[in-house]
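A look at the structure
Now for the letters of each chain:
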Amino acid sequence: MVVVELKEVKFGYNSSDEILKGISFRANPGEITAIVGPNGAGKSTLLKIIAKILKPKSGIVLFDGKNLSKEETTKIVSYLPQENSIPGILTVFEAVLLGRLPHLSWRVKKEDLKIVRNTITELRLEKYAERYTSQLSGGEKQMVLIAQALVREPKVLLLDEPVSNLDMRNQLEILELIKKFTKERKISTIVVLHDLNLAAKYADKIVIISNGKVRACGDAKSVLRPEVLAEVYEVEVNISSSDGNIHVLPLRPLSRSFCSEVC
Amino acid sequence: MTDIADAYSKIVQKRFLFIFLFLVLSSLLSFVNLIIGPIKLSPFEILQSLISPREDTTSIVVWEYRLPWTLMAVLVGGALGLAGLQMQTILNNPLASPYTLGISSGAGFGAALAYVLGIYVIAVPSEFIVPINAFVFSFLTCMLILTIGKIRGFTSETLILGGIAISFMFQSLLALLQYYASEEALQAIVFWLFGSLTKASLLKAQIVAVVLIAVTILLLFRSWKITALRLGEEKAKSLGVDVESLRVEILLYVSILTSVAICFVGVIGFVGLVAPHIARILLGEDQRFLIVGSILCGGLILSAGAVASKTIVPGAIFPIGIITSMLGIPFFLFLVLKGRREIW
């Protein structure tokens, strides 16, 4: 179990422009933390900073209170980027096996094969194991990528829009699965989502990022409020709840002048 | 249902079998290469002079001509196959070949300098003037590409565009040299650019062999990381691969390998582009097998080309660069069109 803590993380691709202007929040083991916000808010950048692919300008990312090196981070963090390519000529089994890269030697160990087999079985991908990834549908490919992320037995799972190109059923299936693994394996899962309804349904904590800062952070009920969403997305929304779930219905875009008054 | 881990082990076994078949085919083709030539020698005579060389004509023909020719075909083909594979991987482009970054243009210009102006960069025996010039200029090309990469970042786009620019630069310089060249020099340049195994020697084969073996070992140690490169830059980074330094490292190996291979035989096209694809179709993307497979496949193609170049026009040796394309393209198209699998 590893607690992820961000403290005043700042980042800019060039010195004059800051995308992230001091982000702080905490992600707990066994919980899904959803990061939401408009396009260009810096959500993907934030995940790359946590995965140590990008270096923050200032601020720090702590894992269980420790500032880990890039190599140490690689061992406990699994990151699934938004842009994903699997070469078509790799079988599903091989694609998942590659997830264990830091452990692989020239001769693949029995233990690695076992872990790959178990993960594939758990994700019900057995029937595709020998198939080439080019022969899979979008949903199946995403499942393979999630298997690839899980096979590393991560303590922290970072997912950048894992369901954005999928149909409703696949979206639900994949998020259910992520939820199940997060709870069972006590993983600290941080997931970037665009769909606020999915964030409300699956996330234990939602972090809204706007203009490089955390605008709101907490459970769905406390965070997904009309005035917050009007400010962040410049959209008028209707919020309702049923079966204990919050539902966000976007109504109309707000004019810029209205937004500047509210903000 | 069979266990999926066992099924994977079976796939691995199948790949070993393919590699073994490649090896057998290579050996057979090499032997055919030793047999064929203007002087008729029986397989028995060839074996005898290989095992116990004597001071007779047979031994001289075998050791001075046939063996260097045969070994050069396998080794240069293998080197080009491996170089092509790694170019395709680091540039993430199925159209890449060892020459994509302008290495052949640099080498061509270097060779032409020696032929036309008699300029050579290092004082060496006359046999090595052209190869050394070609090597130095092809290596210089790679250094230029690396410098561009250092300034603009080692993305595939930067490397390819930089390579195209450098390639055109050397091509126009080469054209300039050709314009001023004497008739004999022009003929020598054109013949060099066709690619030919006629100047093969055992020493040259040994040099190519040492470089090829060294690069292969270095790459095999990194085979999982190289395979992971195909998952995309960010994914590879998140798996702990230092993408930039791996690219630079591979680029350097490929540069040395290509430069050494073509400096002795000239520009032999097609092998470096197609050998990796044929190996990929048969062995998949796992670089542990693909590296060895591309070498063997490249060696096979060039060996077949070498046999054909001696047999197409009786009594003459047809330039091998022309043969490899003519021979290989129909086979490659057959694989692309008939195969049900993806090839990239």
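Residues numbered from 1 in each chain as written. Chains lettered and ligands numbered in written order. Predicted model: local features only at pLDDT ≥ 70, side-chain atom pairs only at ≥ 80, totals over all residues. Heavy atoms only, no water.

Regarding the packing of aromatic side chains
How two aromatic rings sit relative to each other is set out by the distance from centre to centre and by the angle between their planes. One pass over the structure, following the stated rule, counts 10 aromatic pairs over all chains. Ring centres of Phe93(A) and Tyr8(B) lie 4.7 Å apart, and the angle between their planes is 20°; on these two criteria the pair is classed as stacked. A residue pair is termed interchain when its members come from two chains, as with Phe93(A) in helix H3 (residues 92–98) and Tyr8(B) in helix H1 (residues 4–35). A single burial state applies to Phe93(A) and to Tyr8(B), both of which are buried. Relative to Phe264(B), the ring of Phe128(B) has its centre 6.1 Å away and its plane inclined at 80°; by these criteria the two rings are edge-to-face. Of the two residues, Phe128(B) is situated in helix H5 (residues 126–152) and Phe264(B) in helix H11 (residues 243–265); the sequence distance between them amounts to 136 residues. When sorted by exposure, Phe128(B) lands in the same class as Phe264(B), which is buried. (Phe/Tyr/Trp six-rings, centres within 6.5 Å; stacked < 30°, edge-to-face > 60°. Helix = DSSP H or I, 4+ residues; strand = E, 2+ residues; numbered from the N terminus. Buried < 20%, exposed > 50% of the residue type's maximum accessible area, 1.4 Å probe, protein only.)

Quick notes on a negative patch on the surface
The grouping of Glu71(A), Glu72(A), Asp242(B) and Glu244(B) at the surface amounts to a negative patch. As for its position among the elements, Glu71(A) is in helix H2 (residues 70–76). (Patch = residues over 30% accessible without salt bridge, like charges linked within 9 Å, V, L, I, M, F, W, Y side chains within 5 Å. Areas by Shrake-Rupley, 256 points an atom, 1.4 Å probe, with all protein chains shown as cover. Salt bridge = Lys/Arg side-chain N within 4 Å of Asp/Glu carboxyl O. Lys, Arg positive; Asp, Glu negative; His and termini not counted. Charge placed at Lys NZ, Arg CZ, Asp CG, Glu CD.)

Some points on the confidence of the model for chain B
For chain B, per-residue confidence averages 89 on the pLDDT scale, and residues scoring 70 or more make up 98% of the total. Per-element confidence in chain B ranges from a low mean pLDDT of 78 for helix H14 (residues 320–338) of chain B to a high of 96 for helix H8 (residues 202–221) of chain B. (pLDDT = per-residue confidence, 0-100.)

Here we look at empty space enclosed by the protein
Scanning the model with the defined rule gives 3 cavities of 30 Å³ or more in all. As for the largest cavity, its lining consists of Ala51(A), Lys52(A), Lys70(A), Thr73(A), Thr74(A), Val77(A), Ser78(A), Tyr79(A), Arg152(A), Lys237(B), Ser238(B) and Gly240(B). (1 Å grid on protein atoms, 1.4 Å probe; cavity = no way out; pocket = protein on both sides within 12 Å on 5 of 7 lines; lining within 4 Å. Points joined across faces, edges and corners; volume = space filled by probe spheres on them.)

Details of helix H6 (residues 168–184) of chain A
All names here are of chain A. Spanning 17 residues, H6 covers 24 Å between terminal C-alpha atoms, matching the ideal 24 Å at 1.5 Å per step. Among all positions in H6, only Gln171, Ile174, Leu175, Leu177, Ile178, Phe181 and Thr182 are buried. Buried positions in H6, seen along its axis, are confined to an arc of 155° and lie on one side of it. Facing away from the buried side of H6, by more than 90 degrees, are the exposed residues Met168 and Arg169. (Expected span 1.5 Å × (residues − 1). Arc of directions from axis to C-beta.)

A few points about the packing of helix H12 (residues 271–283) of chain B against helix H13 (residues 287–311) of chain B
Residues and elements named next belong to chain B. One can describe the packing of H12 onto H13 by two numbers: an axis separation of 8 Å at closest approach and a directional angle of 125°. As the angle between them shows, H12 and H13 are arranged oblique. By crossing handedness, the relation of H12 to H13 is classed as right-handed. Together, Val271, Val274, Ala275, Pro276, Ile278, Ala279, Arg280 and Leu283 of H12 and Phe289, Leu290, Gly293, Ser294, Cys297, Gly298, Ile301 and Leu302 of H13 make up the contact between the two elements. Class assignment of the residues belonging to the contact of H12 with H13 gives a composition of 12 nonpolar, 3 polar and 1 charged. (Axes fitted to C-alpha atoms, helices over the stretch in contact; angles between N-to-C directions. Parallel < 35°, antiparallel > 145°, perpendicular 65-115°, else oblique. Left-handed = near helix turned anticlockwise from the far one by under 90°. Contact = heavy atoms within 4.5 Å. Nonpolar A, V, L, I, M, F, W, Y, C, P; charged D, E, K, R; others polar.)

Some details on the domain arrangement of chain A
Residue and element names in this part refer to chain A. Domain annotation for chain A reports domain 1 (4–219) and domain 2 (225–263). Taken over C-alpha atoms, the centre of domain 1 sits 28 Å from the centre of domain 2. Contacts between the two partners involve 12 residues from domain 1, matched on the other side by 9 residues from domain 2. When domain 1 packs against domain 2, the two sides together hide about 910 Å² of surface, and 58% of this comes from carbon and sulfur. When the buried area of domain 1 at its contact with domain 2 is split by residue, Leu196, Asn197 and Arg215 rank highest and sum to 50% of it. Ionic pairing is found between Glu231 and Arg215, a salt bridge with its closest N-O pair at 2.9 Å. (Domains from an automatic or database assignment. Buried area = accessible area lost by both parts, 1.4 Å probe.)

Remarks on the packing of H1(B) against H13(B)
All names here are of chain B. The geometry of H1 relative to H13 is characterised by a closest axis approach of 9 Å and an angle of 25° between their N-to-C directions. The angle between H1 and H13 places the two elements in the roughly parallel class. H13 is crossed by H1, and the crossing has left-handed handedness. Residues that form the contact of H1 with H13 fall into these classes: 17 nonpolar, 5 polar and 3 charged.

Concerning the interface of chain A and chain B
Listed per partner, the contact involves 36 residues of chain A and 36 residues of chain B. Taking both partners together, chain A and chain B bury about 3,200 Å²; carbon and sulfur atoms supply 67% of that area. Our count for the chain A to chain B interface comes out at 3 salt bridges. Of the charged contacts in the structure, one is a salt bridge between Arg15(B) and Glu94(A), with a shortest N-O distance of 2.7 Å.

Concerning the sheet that holds strand E1 (residues 4–11) of chain A
All names here are of chain A. Taken in spatial order, the 3 strands make up an open sheet running E2-E1-E4, and their pairing is antiparallel. With partners counted over all chains shown, the strands left at the sheet margins are strand E2 (20–27) and strand E4 (58–63), one partner each. Neighbouring strand axes in the sheet, compared pairwise and without regard to direction, differ in orientation by 10° on average. Pairing of E1 with E2, which is carried by 6 bridges, proceeds in the antiparallel orientation. Counted as the bridge partner of Val9 is Ile23 from E2. Across the face of the sheet, helix H1 (residues 43–50) comes into contact with E1, E2 and E4 while running at roughly 120° to E1. (Pairing = 2+ DSSP bridges.)

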